[in-house]
Amino acid sequence: MPLYRDRLQEKLIEALKAVLPIILIVLLLSFTIAPLPTSILLAYLFGGLLLIIGMMFFTLGAEIAMEPMGQKLGARITQTRKLWIILPLGFLLGILITVSEPDLQVLANQVLSIPSPVLIWCVAGGVGLFLVVALLRMLFAVPLRNMLLVFYAATFLLAFFAPKDFLAVAFDAGGVTTGPMTVPFIMAFGIGISAIRNDRHAADDSFGLISLCSIGPILAVLVLSLIYRPESADYTATVIPEIDHSITLARLFTRAMPTYLKEIAVAVLPIVGFFGIFQVLSLHLNFKILIRIGVGLVYTYVGLVLFLLGANVGFMPAGSYLGGTLAALPYRWIVIPIGMLIGYFIVKAEPAVYVLMKQVEELTSGQVSGKSLQISLSIGVAVSIGLAMLRVLTGISILWFILPGYAIALALSRIVPKLFTAIAFDSGGVASGPMTAAFLLPFAVGACLAVGGNVVTDAFGVVAMVAMTPLISIQLLGVLYRLKAHARTEAAPKPEFAENYAIIEL
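Residues numbered from 1 in each chain as written. Predicted model: local features only at pLDDT ≥ 70, side-chain atom pairs only at ≥ 80, totals over all residues. Heavy atoms only, no water.

### Structural notes on the packing of helix H15 (residues 370-394) against helix H18 (residues 434-450)
At step 1: Packing of H15 against H18 leaves a shortest axis separation of 9 Å and a crossing angle of 25 degrees. Classified by the angle their axes make, H15 and H18 are roughly parallel. The handedness of the crossing between H15 and H18 comes out as right-handed. Residue-level inspection shows Ile385, Met389 and Val392 of H15 in contact with H18, the latter providing Leu440, Phe443, Ala444, Ala447 and Cys448. (Axes fitted to C-alpha atoms, helices over the stretch in contact; angles between N-to-C directions. Helix = DSSP H or I, 4+ residues; strand = E, 2+ residues; numbered from the N terminus. Parallel < 35°, antiparallel > 145°, perpendicular 65-115°, else oblique. Left-handed = near helix turned anticlockwise from the far one by under 90°. Contact = heavy atoms within 4.5 Å.)

### Things to note about the environment of lysine 418
At step 1: Checked against the element boundaries, lysine 418 lands in helix H17 (residues 418-431).
At step 2: For the pair lysine 418 and glycine 478, spaced 60 residues apart in sequence, the C-alpha separation works out to 9.1 Å.

### Considerations on the packing of aromatic side chains
At step 1: Counted by the stated rule, this structure contains 15 aromatic pairs.
At step 2: Both rings, one in phenylalanine 57 and one in tyrosine 299, keep their centres 5.4 Å apart while their planes meet at 40 degrees; by these two values the pair is tilted. Taken together, the residues phenylalanine 57 in helix H2 (residues 38-79) and tyrosine 299 in helix H12 (residues 287-327) connect sequence positions 242 residues apart. The pair formed by phenylalanine 57 and tyrosine 299 is uniform in burial state, with each residue classed as buried.
At step 3: A centroid spacing of 5.8 Å and a plane angle of 65 degrees characterise the contact between phenylalanine 315 and phenylalanine 439, whose relative ring orientation is edge-to-face. On the criterion of sequence distance, the pair formed by phenylalanine 315 in helix H12 and phenylalanine 439 in helix H18 is long-range, its members being 124 residues apart.
At step 4: Note on phenylalanine 315: relative accessible area 0%, which makes it buried.
At step 5: Given the relative accessible area of 0%, phenylalanine 439 is considered buried.
At step 6: Members of the aromatic cluster, each reached through a chain of ring pairs, are Tyr152, Phe156, Phe171, Tyr406 and Phe425. (Phe/Tyr/Trp six-rings, centres within 6.5 Å; stacked < 30°, edge-to-face > 60°. Buried < 20%, exposed > 50% of the residue type's maximum accessible area, 1.4 Å probe, protein only.)

### Re the environment of leucine 129
At step 1: With respect to the helices, strands and loops of the structure, leucine 129 is situated in helix H5 (residues 116-140).
At step 2: Of the residues examined, leucine 129 reaches a relative accessible area of 47% and is grouped as partly exposed.
At step 3: The spacing of leucine 129 and leucine 87 is 42 residues in sequence and 9.2 Å in space, taken between C-alpha atoms.

### With respect to the confidence of the model for the chain
Should the pLDDT be low somewhere, the predicted coordinates at that spot are not to be read in detail.
At step 1: With 89% of its residues at a pLDDT of 70 or more, the chain shows a mean pLDDT of 84.
At step 2: Least confident of the elements in the chain is helix H21 (residues 501-504), whose mean pLDDT is 40; most confident is helix H13 (residues 335-346), at 94.
At step 3: Here residues 495-506 scores under 50 on pLDDT; set against residues more than four positions off or in separate chains, the count is 36 contacts. (pLDDT = per-residue confidence, 0-100.)

### What about unusual backbone geometry?
At step 1: Unusually for a residue other than glycine, histidine 284 sits at a positive phi of about 55 degrees.
At step 2: When you line up the elements, histidine 284 lands in the loop between helix H11 (246-283) and H12.
At step 3: Among the residues examined, histidine 284 registers a relative accessible area of 54% and is labelled exposed.

### Some remarks on a nonpolar patch on the surface
At step 1: A contiguous nonpolar patch, built from Leu157, Phe160, Phe161 and Leu403 and spanning about 450 Å² of accessible area, is present on the exposed surface.
At step 2: Take leucine 403: it is sitting in helix H16 (residues 399-412). (Patch = residues over 30% accessible without salt bridge, like charges linked within 9 Å, V, L, I, M, F, W, Y side chains within 5 Å. Areas by Shrake-Rupley, 256 points an atom, 1.4 Å probe, with all protein chains shown as cover. Salt bridge = Lys/Arg side-chain N within 4 Å of Asp/Glu carboxyl O.)

### Let's talk about the pattern of salt bridges
At step 1: Per the counting criterion, the structure on display carries four salt bridges.
At step 2: Measuring nitrogen to oxygen at the nearest pair gives 2.4 Å for the salt bridge that ties glutamate 63 to arginine 7. One end of the pair, glutamate 63, is in helix H2; the other, arginine 7, is in helix H1 (residues 5-30), and 56 residues separate them in sequence.
At step 3: Accessibility expressed as a relative area gives 15% for glutamate 63, which makes it buried.
At step 4: According to the relative accessible area criterion, arginine 7 is partly exposed, its value standing at 26%.
At step 5: Among the ionic pairs, glutamate 14 bridges to lysine 11, the shortest N-O distance being 3.8 Å. Separated by three residues within a single helix, glutamate 14 and lysine 11 lie in helix H1, roughly one turn from each other.
At step 6: The exposure class assigned to glutamate 14 is partly exposed, which follows from its relative accessible area of 23%.
At step 7: Put simply, Arg7, Lys11, Glu14 and Glu63 are held in one network by salt bridges that share partners.

### With respect to the environment of valine 347
At step 1: Looking at where valine 347 falls in the secondary structure, it is placed in the loop between H13 and helix H14 (351-363).
At step 2: Here the alpha-carbon distance between valine 347 and serine 378, two residues 31 residues apart in the chain, equals 6.1 Å.
At step 3: Ignoring sequence-local partners within four residues, the contact set of valine 347 consists of Val353, Leu377, Ser378, Val381 and Ala431.

### Considering the packing of H12 against H18
At step 1: Interhelical geometry of H12 versus H18 gives an angle of 25 degrees and a closest axis separation of 7 Å. When the axes of H12 and H18 are compared, the pair comes out roughly parallel. The way H12 lies across H18 gives a crossing that is right-handed.
At step 2: The residue inventory of the contact of H12 with H18, partitioned by class, reads 18 nonpolar, six polar and no charged. (Nonpolar A, V, L, I, M, F, W, Y, C, P; charged D, E, K, R; others polar.)

This is the structure:
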């Protein structure tokens, strides 16, 4: 059985580069202006170790299992050319991968006024419906920018009638549904579908599934808030651990371990079952490929368990305490630049970001580098956390940020290359993953409690802000690429890269 030792070592180096900066930032703050209690610091450091190991296994597992499974399923389902088969299967698949998404479980458990099953199944229905919409767009080559304009217009129109306590929760739902389980599979699913198209726009259309699937949950929760009409949007407070010695530290994580073993098993099994049925009925992959996928699934499972255990048990209390400590300082404004610094580095620790970077580089033949994409994402997330902390300190409604933000993003979509619009709107969902839910959201909640704000209206919405700003920063990257392409065109009478429609064509 292949163990992929060399590739694991490569992924370990990537994980260290991603997680160590955020660990060092928190340590520096702890030893200077925001001292953390020993118990929280120990849990944080051990959680960081689990994060690194988990990210190493997960990123390799996603490459050798989740991506091939998604691509083969996408291609096989679409080859039937029968909408009565494609659309119901797409709807079912959207529901299965959403119900199993760990990030959604975290959000649902924090909103107490709506029963978790009601919220989860409502969001899952929204994703399933919009995955069908996304499939229709790809099959009939409908421009993504037009669909985004229509659906976001409907979203904001509905937002004006929804209870204000649920605006932030609704927009957060759009971010958490596109987490570490969903992103690798759906992106690969889109590539598999586009692969059977032989037109020159197929590469552009392979992106965009994540962006449309992020709209469904927002609309679903807004509609739910109008129908369900809960009295208030209560939340679950973060528990601060008490650790006396190493045995207590070990117990803290081992007691939580069965929960995540079960959660990730529930997350992986529906997708494995869906793939298994297609393998028996249609795919008929050889034994060697199945062994490779099996090993990748084991790596994915182990990686996600360790990653989420480290993030939720180790990072969540540290984020909450740190946010509260910084906001309680006489110069509470410092929470804004520090939040931006943390946001810049923490997005690099999102597992799905590496999946996006790899697929963008492959589909653009290196024309769009993963490094430039990552920097643009980091800048976007830094800005989003700065704005989120401003909301916490001032209590400004999230609509004053979300509405102009999406208006700018949609306006940019009219002038940047199509590929960058699709990548940008996919990136919003990719950036708002488990690290945002497990560290940045508690960070905002802790700061909000320290300044006496309303947690539900002022602190919730961090995930939504993180999902919004990359739409602008990556499209601005697209403007830069277009300007560079234009400069090369002017300099060379017969530019070789002019044939690469994916970068320069509107």
